[in-house]
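Each chain, written out:
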Amino acid sequence: MRKSITALCLFAIVALVSSQSQIINNQKTPIQKTAVPKDTVKKTKVIVLQPEIKKDTIEEKMGKLVPYKKGAHASYYADKFHGRRTASGALFDMNKYTAAHKKFPFGTKLRVTNEANGESVIVEVTDRGPFVRSRDIDLSKRAFMEIAKNKGVGVMTVSIEVFTK
């Protein structure tokens, strides 16, 4: 009796394995596709013409940029000067893009570029200074922080360019 049960179980196992292998083989063979008629209408590409847009450049708005100094040392105004009068008579606002320089006339526009990361900002000279020999320009806090690589540092190396008309 045991021999017949063992033979029957063995036969069932072989049948199960062969049916599983047939299922796997059916999944591997590609299914034949029925013929589907293709569209006879040709698809055309739609081309939208855009009018030529004239882009405003910095040079068109503010004038030509002339290099003034590379390797200049820049710092930023202390917060205690916020709201005080500058040498030009305007109130100093640390949230505006302003600067202090020893020689440039008031109202001169400068582009100051951080040499470490290439970030730049355009500022207007509204005050005199800085009164530290090693520094060339004082920026407002907002202008300084916008181009600073490390926000915890108070001095950086910059290049200064002047807008001329």
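Residues numbered from 1 in each chain as written. Predicted model: local features only at pLDDT ≥ 70, side-chain atom pairs only at ≥ 80, totals over all residues. Heavy atoms only, no water.

As annotated in an unreviewed UniProt entry, the protein chain carries the name Probable endolytic peptidoglycan transglycosylase RlpA and comes from Flavobacterium degerlachei. The protein chain has a UniProt comment under Function (unreviewed entry) that states "Lytic transglycosylase with a strong preference for naked glycan strands that lack stem peptides." Under the Sequence similarities (unreviewed entry) heading, UniProt states for the protein chain: "Belongs to the RlpA family." (UniProt positions renumbered as here; feature names shortened; annotations may be inferred.)

J.: An account of the overall build of the protein chain is requested, with residue identities and associated values reported.
T.: Summing up its helical and strand segments, the protein chain has three helices and six strands in all. Along the protein chain, helices and strands appear, N-terminal first, in the series α-α-β-β-β-β-β-α-β. (Helix = DSSP H or I, 4+ residues; strand = E, 2+ residues; numbered from the N terminus.)

J.: So what's going on with the side chain of N114? Residues and values would help.
T.: Tracing the backbone through its elements, the reader meets N114 in strand β3 (residues 109-114). Residue classification places N114 among the buried positions, given a relative accessible area of 3%. At a separation of 3.4 Å, a polar atom in the side chain of N114 contacts the side chain of N117. Once you skip the residues sitting within four places of it in the chain, N114 turns out to touch E119, I147, A148, K149, M156, T157 and V158. (Buried < 20%, exposed > 50% of the residue type's maximum accessible area, 1.4 Å probe, protein only. Polar contact = N/O pair within 3.5 Å; in protein donor to acceptor, adjacent residues only side chain to side chain. Contact = heavy atoms within 4.5 Å.)

J.: Summarise the environment of D136; cite the residues concerned and give the values.
T.: Of note, D136 is situated in the loop between β4 (120-127) and β5 (137-139). The class for D136 is buried, based on a relative accessible area of 18%. Spatially, the C-alpha atoms of D136 and K103 are 9.9 Å apart, while their sequence positions differ by 33 residues. Other than its neighbours up to four places away in sequence, D136 contacts K69, A72, H73, H101 and P130. Here the side chain of D136 touches K69 through a polar contact of 2.9 Å, side chain to side chain.

J.: Any chance you could break down the nonpolar core for me, citing the residues and the numbers?
T.: Across soluble globular proteins, nonpolar side chains have a tendency to be buried as a group. Judged by nonpolar contacts, the single largest core of 19 residues is most densely connected at L110, V112, V123, I137, L139, M156 and V158. Of all elements in the fold, only β1 (64-76), β3, β4, β5, α3 (141-147) and β6 (155-164) reach the threshold of two or more residues within this core. The greatest single-element share of this core, amounting to four residues, is contributed by β6. Apart from the residues lying within four places of it in its own chain, the contact partners of V112 are E119, S120, V121, V123, I137, L139, I147, V158 and S159. (Core = buried A, V, L, I, M, F, W, Y, C linked by side-chain atoms within 4.5 Å.)

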